[in-house]
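# Summary of the model geometry
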Amino acid sequence: MANIYELRRYGKIAFLIASASVVALFLYFSNGLISDLSAQERERMEIWADATKQIISATSGTGNAGGTDIDFLLSIIQRNTTIPVLLTDSEGNILQHRNFKLPATEGDPRNDEFLKERLDRLRGSSNTIRIELAPGETHYLYYEDSTLLRRLSVFPYIQLLVMLAFIAVVYFAVLSTKKAEQNKVWVGLSKETAHQLGTPISSLMAWMELLPDMGVDPDTVAEMNKDVNRLSTIASRFSKIGSAPRMEPADLNALTSEAAGYMATRISPKISLRCTTAAGNLPVMACAPLLAWVIENLVKNAVDAMDGNGNITVETKSTLTGASIEISDTGKGISRKNFDTIFRPGYTTKKRGWGLGLTLARRIIEEYHGGRIYVARSAPGAGTTFRIDFPRATNAK
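Residue positions are given per chain, counting from 1 as you read along its sequence in written order. Thresholds applied to this predicted model are a pLDDT of at least 70 for local features of residues and 80 or more for the giving and counting of side-chain atom pairs; totals over whole chains, interfaces and linings are not thresholded and use all residues. Note that the side-chain values use all heavy atoms of the structure and ignore hydrogens as well as water.

## Quick look at the overall build of the chain
Note the cut-off: A run of DSSP states H or I qualifies as a helix once it reaches four residues; a run of E qualifies as a strand once it reaches two. Both are numbered from the N-terminal end. Three exposure classes are used, based on accessible area relative to the maximum for each residue type with a 1.4 Å probe and protein chains only: buried under 20%, partly exposed in between, and exposed over 50%. Whether two residues are in contact is decided by their heavy atoms: any pair within 4.5 Å suffices. Each accessible area value is a Shrake-Rupley result obtained with a 1.4 Å probe; residue values ignore everything except the protein chains displayed when judging cover.
Helix and strand counts for the chain stand at eight helices and 11 strands. Looking at the 397 residues of the chain, the share that counts as buried comes to 37%. The long-range fraction of contacts in the chain, counting pairs at least 24 apart against all pairs at least 6 apart in sequence, stands at 67%. A total of about 23200 Å² of accessible surface is found on the chain, and carbon and sulfur atoms cover 57% of it.

The structure is reproduced here in structure tokens:
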């Protein structure tokens, strides 16, 4: 049974690894595309810078004006309609700008402030091209990424979020489906068990009425009757699994004492079971048969953890938000990394265990009673304390 759940866990890990690999490949190719586009824009700006250099050289007389096709060079500059460009002299004065969406009309001082702010951002960035015109005369070309490149830079992350959301939806949908299937199996198994127990229990009850007439010792009959009634209670518990149980006001002290008292007479005499209850009543809303099953299950686990020798303490407490039960033992203990694992279906340290007891206990406490069950403290070789927290019911008995 445990192997099945281990395989399912490995399947989840494999799914997550495959999903991460797909996302990584997508980001790799997307970043490669963006890098190629950025390199192309850099080449375009270098051509733009070279055309600007030749025009300045030709018009200033420092170059060969007759051999320069000014119209062609101007067409290169004018064809740039997407990449914002700033051309400055060596002192940082802006000589020319293109493709910036200015905040005001031409001639407004706010435009100059806007361009200076953009220039300050671009200084020191990799989007800078040095233009050597003549010895001692240098211009600088600054450019921003085009709108297309900026959009493509953001697009992979948008798609990444969409992919992660899709993977999360698929993962939790599959997880919910599997959980629903498990619940149906547990519910079906529980109800079928209750149904199968019904007939022999009814027969045993009939025989119990005949035993006194057959001369059986009354004390023996009384003890046997307790166990037959307990079997009937167990069948009732199984029948309640999967359907909303009837929650009634109850005193947690009384329920705990009754469950602990029943177990005290049915465990090894080498194990000391002590029950301590809080002063007064502890009002809670509870389904008495299911809650008693949880307490008995925790006590049985404690007995198994101590190998037939040790101490078990069951204690109820009043808390600020309600009430609690603590069940402590002097057994083998649990490592901290397994504090939550032990509640997973299929996890067990017993040779013949199914690993469902604590799973059902958590479901009964959290889904039906609105409480919480967890390992309060434990360490290997130092025993374990389970704690169950309940909300308070003001109208309890």
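## Let's talk about the sheet that holds strand β1 (residues 85-88)
The line we're drawing: Following DSSP output, two strands are said to pair if at least two bridges run between them. Here, axes are lines fitted to C-alpha atoms. For helices the fit covers the stretch in contact, and angles between N-to-C directions go from 0 to 180 degrees.
The four strands lie next to each other as β2-β1-β4-β3, forming an open sheet whose pairing is antiparallel. Strands at the two margins of the open sheet, each flanked by one partner only, are β2 (94-98) and β3 (128-134). In this sheet, adjacent strand axes meet at a mean angle of 15° when their direction is disregarded. Sheet analysis places β1 next to strand β4 (residues 137-143), joined by four bridges and oriented antiparallel. Residue pairing across strands places Thr88 opposite Tyr140, the latter belonging to β4. Strand contacts of helix α3 (residues 109-122): β1, β2, β3 and β4, with the helix running at about 90° to β1, the strand carrying the most contacts.

## Let's talk about the pairing of strand β10 (residues 372-378)
Across six bridges, the pairing between β10 and strand β11 (residues 384-391) is antiparallel. Residue pairing in the sheet places Tyr374 in a bridge with Arg387 of β11. Remark: five residues form the turn of the hairpin made by β10 and β11, two consecutive strands paired antiparallel; Gly381 in that turn has positive phi of roughly 85°.

## Points about the pairing of β3
As paired strands, β3 and β4 are joined by six bridges and run antiparallel to one another. Bridge pairing in β4 links Thr128 to Tyr142. Linking β3 to β4, which pair antiparallel, is a turn of two residues; within it Gly136 sits at a positive phi near 85°.

## Thoughts on the pattern of salt bridges
As a reminder of what qualifies: For salt bridges, the criterion is a side-chain nitrogen of Lys or Arg within 4 Å of an Asp or Glu carboxyl oxygen.
Evaluation of the coordinates by the stated rule reveals 16 salt bridges. Connected via shared salt-bridge partners are Lys317, Glu326, Arg377, Arg387 and Asp389.

## Overview of a nonpolar patch on the surface
Note the cut-off: Without a salt bridge and with relative accessible area above 30%, a residue can belong to a patch; like charges are then joined within 9 Å and nonpolar side chains (Val, Leu, Ile, Met, Phe, Trp, Tyr) within 5 Å.
Residues Val154, Phe155, Ile158 and Val162 make up a contiguous nonpolar surface patch of roughly 360 Å² in combined accessible area. Structurally, the position occupied by Val162 is in helix α4 (residues 147-210). The exposed category is assigned to Val162, whose relative accessible area is 54%.

## Describing the packing of helix α7 (residues 288-305) against helix α8 (residues 357-368)
For clarity, the threshold we go by: Throughout, a crossing is termed right-handed when the near helix is turned clockwise from the far one, and left-handed when it is turned anticlockwise from it by less than a right angle. Only Asp, Glu, Lys and Arg are considered charged, only Ala, Val, Leu, Ile, Met, Phe, Trp, Tyr, Cys and Pro nonpolar, and every remaining residue, Gly among them, polar.
In contact at an axis separation of 10 Å, α7 and α8 are set at 145° when each is read in the N-to-C sense. As α7 packs across α8, the resulting crossing turns out to be left-handed. Residues Leu290, Leu291, Trp293, Val294, Asn297, Leu298 and Asn301 of α7 lie in contact with α8, whose contacting residues are Gly357, Leu358, Leu360, Ala361, Ile364, Ile365 and Tyr368. Residues that form the contact of α7 with α8 fall into these classes: 11 nonpolar, three polar and no charged.

## Examining the sheet that holds strand β9 (residues 322-329)
The five strands are arranged β6-β8-β9-β11-β10 in an open sheet whose pairing can be described as mixed. Pairing within the sheet leaves two strands with one partner each, and these edge strands are β6 (271-276) and β10. On average, each strand axis in the sheet is tilted by 15° relative to the strand beside it, whichever way the strands run. Those strands touched by helix α6 (residues 252-264) are β6, β8 (310-318), β9 and β11, and its axis lies near 165° from that of β6.

## A few points about unusual backbone geometry
For Asn99, which is not glycine, the phi dihedral falls at a positive 65°. Residue position: Asn99 is located in the loop between β2 and α3. Residue classification places Asn99 among the partly exposed positions, given a relative accessible area of 31%.

## Focus: the packing of aromatic side chains
Here is the rule we go by: Aromatic pairing here means that ring centres of Phe, Tyr or Trp (its six-membered ring) are within 6.5 Å. Orientation follows from the plane angle: under 30 degrees is stacked, over 60 is edge-to-face, and everything else is tilted.
Scanning the entire structure with this criterion turns up five aromatic pairs. A ring pair is formed by Tyr140 and Tyr142, whose centres lie 6.4 Å apart and whose planes are at 25°; its orientation type is stacked. Residue class for Tyr142 comes out buried when judged on its relative accessible area of 8%. Measuring from ring centre to ring centre gives 6.2 Å for Phe343 and Phe386, while their planes differ by 80°; the resulting arrangement is edge-to-face. Taken together, the residues Phe343 in the loop between β9 and α8 and Phe386 in strand β11 connect sequence positions 43 residues apart. Phe386 sits in the buried class, given a relative accessible area of 8%.

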